[in-house]
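Analysis of the macromolecular model
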Amino acid sequence: MAMSEAQRGKMVERCHMCKGNSLTQVLDLSHQPHSDHFPTKEQLNEHEERYPLRLVACLDCGLLQIDYLVNPKILYQTDYLYQSAATTKTGGGHFKEMAHDICSVHNIPKNALAVDIGSNVGALLHSFKEEGLRVLGVDPADVAKKAIENGIPTILDFFSTNVAVDIVKEHGKAHVITGTNVFAHLHDIDDAVLGMKTLLADDGVIAVEAPYVIDLIKEFQYDTIYHSHVGYLSVKPMAAYFERLGLELFGLKKSDYFGGSMRYYVGHKGKHEVSPDIARYIEEEKTFGIYSLSRLKKFAEDVERHKRDMLSLLLQLKREGKKIAGISAPAKGNTLLNYCSIDKTFLDFITEKNPLKVGRFTPGTFIPIYDDATLLKEQPDYALLLAWNFATEIMKNLEEFKKRGGKFIIPIPKPKIV
Ligand SMILES: [Zn+2]
């Protein structure tokens, strides 16, 4: 049965962060289904909801964001299958480094409390536990029950000021508050960040990590745009945002994770020395042109060209009678597949490590998802790497596929065969 407009989500007219009302459209990725909702065979008989997916820029603070918010209950509480770090080695190593970096650089006392917002299966908290900290996760998604089974205490809820107050009452204030790849997901961001402020110990550290929007623009990573990502972060709007809420952005750390991520270190005002990196990155962002509409217009043209290039490569291979499959079914793969209209006409199947996705279908394009072993069993001529940010690791694991004559297609930044 179709949902009412209010149940589906809402159009926004004000900036997610500064609340200004000068949003202007940059890129239209058409209407798309929820990229983390992989239908089962039975669900293929049902109506699939689609929502507008458009990137807009705030002319006041510079934040790039989407202007249609899907109801968070749909995004996170129905059958959400994303498991961070559970499926790739790179993810696990990254969290270990992050926990160690935060504890050593910021002199976090042993036995202090670390709270991870959007803690998923508890991978990052597991690393904080190894650093000798007390840990607590907050995550409304079903998959967080796995963290509890693995010994990571987790509150199964959306993080909010109310939840923060409860945590302080029960566990005291936190010296470390983290949000990896979740800050951009927050729907009521003011309430969540004010909650972090309430929860944060006097000299504590908030570490927010998210894909860096400059890399997104530079490398045509438009597939990282989907409804779970509300904001596409850069330093200028982040610095202004924390200042408005009485906090202070005091440090940055750039990493290659997720195709280019930025870690933002935030504390109570005046409690940490402010790094010159912040002014430097803001200058670089301005020089790059991220806050200019002509640069963003060029990005939109690049994305349209990418779609044509992607399709002409696949068409050419199909005309030659080649068999093509996909490897791994991340959420972002679905933005690419849906925007480029790549369905079963091009890809026979997709293989995936996450057992929760095996046996299901890709949203919108309905390509069947099989387990990893299928790739060698079927040995297609080409394999499209949808999790291109883990390309090196995936290709190393699949040396046998290559030895038998298989070739990889890496879609981003430009479709290329390796
Ligand atoms: Zn703004």
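What counts and how
- Residues numbered from 1 in each chain as written.
- Predicted model: local features only at pLDDT ≥ 70, side-chain atom pairs only at ≥ 80, totals over all residues.
- Heavy atoms only, no water.
- Helix = DSSP H or I, 4+ residues; strand = E, 2+ residues; numbered from the N terminus.
- Rg over C-alpha atoms; globule rule 2.2 N^0.38 Å.
- Buried < 20%, exposed > 50% of the residue type's maximum accessible area, 1.4 Å probe, protein only.
- Contact = heavy atoms within 4.5 Å.
- Lys, Arg positive; Asp, Glu negative; His and termini not counted.
- Charge placed at Lys NZ, Arg CZ, Asp CG, Glu CD.
- Core = buried A, V, L, I, M, F, W, Y, C linked by side-chain atoms within 4.5 Å.
- Axes fitted to C-alpha atoms, helices over the stretch in contact; angles between N-to-C directions.
- Parallel < 35°, antiparallel > 145°, perpendicular 65-115°, else oblique.
- Left-handed = near helix turned anticlockwise from the far one by under 90°.
- Donors = N, O, S within 2.8 Å, 3.2 Å for Na, K, Ca; no water.
- Tetrahedral: all angles 85-135°; square planar, octahedral: opposite > 155°, others 65-115°.
- Phe/Tyr/Trp six-rings, centres within 6.5 Å; stacked < 30°, edge-to-face > 60°.
- Lys NZ or Arg CZ within 6 Å of the ring centre and 35° of its normal.
- Pairing = 2+ DSSP bridges.
- Right-handed = clockwise from strand over helix to strand, strands pointing away.
- Domains from an automatic or database assignment.
- Buried area = accessible area lost by both parts, 1.4 Å probe.
- Salt bridge = Lys/Arg side-chain N within 4 Å of Asp/Glu carboxyl O.
- Polar contact = N/O pair within 3.5 Å; in protein donor to acceptor, adjacent residues only side chain to side chain.
- Nonpolar A, V, L, I, M, F, W, Y, C, P; charged D, E, K, R; others polar.

**Remarks on the overall build of the protein chain**
- Secondary structure assignment for the protein chain yields 15 helices and 19 strands.
- Here the C-alpha radius of gyration of the protein chain, 21 Å, is about what a compact globule of 418 residues would show, namely 22 Å.
- Principal axes of the C-alpha set define a box for the protein chain whose edges measure 65 × 50 × 45 Å.
- For the protein chain, with 418 residues in total, the buried portion stands at 58%.
- Put simply, of all contacts in the protein chain between residues at least 6 apart along the chain, 70% involve residues at least 24 apart.
- Here the protein chain contributes 51 positively and 54 negatively charged side chains, and the mean placements of these two sets differ by 3 Å.

**Some details on the environment of Pro 368**
- Here Pro 368 is to be found in the loop between β15 (350–352) and β16 (369–371).
- For the pair Pro 368 and Lys 41, spaced 327 residues apart in sequence, the C-alpha separation works out to 9.1 Å.
- Here Pro 368 is in contact with Lys 344, Asp 348, Phe 349, Ile 350, Arg 360 and Phe 361, once residues within four sequence places are set aside.

**A few points about helix α9 (residues 235–244)**
- Val 235, Pro 237, Met 238, Ala 239, Tyr 241 and Phe 242 are the residues of α9 that are buried.
- Against α7 (189–199), β10 (200–211), β12 (247–255), β13 (261–268) and α10 (277–288) lie the buried residues of α9.

**Comments concerning the nonpolar core**
- Formed by 127 residues in total, the largest nonpolar core has its most connected members in Phe 128, Phe 183 and Tyr 222.
- Ranked by residues supplied to this core, first place goes to helix α11 (residues 293–319) with nine residues.
- Residues in contact with Phe 183, not counting those within four places in the same chain, are Met 17, Ile 189, Val 193, Met 196, Val 208, Leu 233, Met 238, Tyr 241 and Phe 242.
- Core analysis: the second largest hydrophobic core is formed by six residues, Tyr 51, Val 70, Ile 74 and Tyr 76 among them.

**Quick word on the packing of α7 against α9**
- Two elements in contact, α7 and α9, have axes whose closest approach is 11 Å; the angle formed by their N-to-C orientations is 65°. The pairing of α7 with α9 is recorded here as roughly perpendicular in orientation. Two packed elements cross with a definite hand, and for α7 against α9 that hand is right-handed. Here α7 contributes Ile 189, Asp 190 and Val 193 to the contact with α9, which in turn contributes Tyr 241, Phe 242 and Arg 244.

**Regarding the coordination of the zinc ion**
- Donor atoms from the polypeptide that bind the zinc ion are Cys 15 (SG), Cys 18 (SG), Cys 58 (SG) and Cys 61 (SG), placed at 2.3 Å.
- Around the zinc ion sit four donor atoms, and with donor-metal-donor angles ranging over 103 to 115° the site reads as tetrahedral.
- In primary-sequence terms, the residues that donate to the zinc ion follow C-x2-C-x39-C-x2-C. One end of the pair, Cys 18, is in the loop between β1 (9–11) and β2 (23–32); the other, Cys 58, is in strand β3 (residues 51–58), with 40 residues separating them in the sequence.

**Concerning the packing of aromatic side chains**
- Following the criterion strictly, the structure yields seven aromatic pairs and no others.
- When the centroid spacing of 5.3 Å and the interplanar angle of 55° are considered together, the rings of Phe 401 and Phe 408 count as tilted.
- Between Arg 280 and the ring centre of Tyr 281, over which it is positioned, the NZ or CZ distance is 5.1 Å.
- Over the ring of Trp 388 we find Lys 332; its NZ or CZ atom is 4.5 Å from the centre of that ring.

**A short note on the pairing of strand β9 (residues 174–180)**
- Of all seven residues in β9, seven are buried; the element is thus mostly enclosed.
- With three bridges connecting them, strand β6 (residues 113–117) and β9 associate as parallel partners. Its bridge partner being in β9, Asp 116 is matched across the sheet by Thr 178.
- Alignment of β9 against β10, held across six bridges, turns out to be parallel. Among the inter-strand pairings, Thr 178 is bridged to a residue of β10, identified as Ala 207.
- Each parallel crossover has a hand, and the one from β9 via α7 to β10 is right-handed.

**Section: the domain arrangement of the protein chain**
- Once the domains are mapped, the protein chain shows domain 1 (5–68), domain 2 (89–291) and domain 3 (307–417).
- The C-alpha-based centres of domain 2 and domain 3 are spaced at 31 Å.
- If you look at the interface, domain 2 gives 14 residues, while domain 3 gives 13 residues.
- Counting each side, the surface lost to burial between domain 2 and domain 3 is near 1,200 Å², with a carbon and sulfur contribution of 62%.
- Contact with domain 3 buries area across many residues of domain 2, yet Phe 220, Tyr 222 and Asp 223 alone supply 43% of it, more than any other trio.
- Inspection of the region where domain 2 meets domain 3 yields zero salt bridges.
- The tally of links from domain 2 across to domain 3 stands at three residue pairs in polar contact (both at pLDDT 80 or more).
- Counted by class, the side of domain 2 that touches domain 3 contains six nonpolar, five polar and three charged residues.

**As for the pattern of salt bridges**
- Using the criterion set out here, one finds 22 salt bridges in the structure.
- The salt bridge involving Asp 302 is made with Arg 305; its shortest N-O contact spans 3.3 Å. Separated by three residues within a single helix, Asp 302 and Arg 305 lie in helix α11, roughly one turn from each other.
- Residue Asp 302 is classed as buried on the basis of its relative accessible area, which comes to 5%.
- Lys 353 is the partner of Asp 372 in a salt bridge, and the nearest nitrogen-oxygen pair spans 3.3 Å. Within this pair, whereas Asp 372 is found in the loop between β16 and α13 (374–378), its partner Lys 353 is found in the loop between β15 and β16, the two being separated by 19 residues in sequence.
- Overall, Asp 372 belongs to the partly exposed group, its relative accessible area being 32%.
- Salt bridges here are not isolated pairs; linked through shared partners, they connect Glu 97, Asp 101, Glu 209, Lys 253 and Arg 263.

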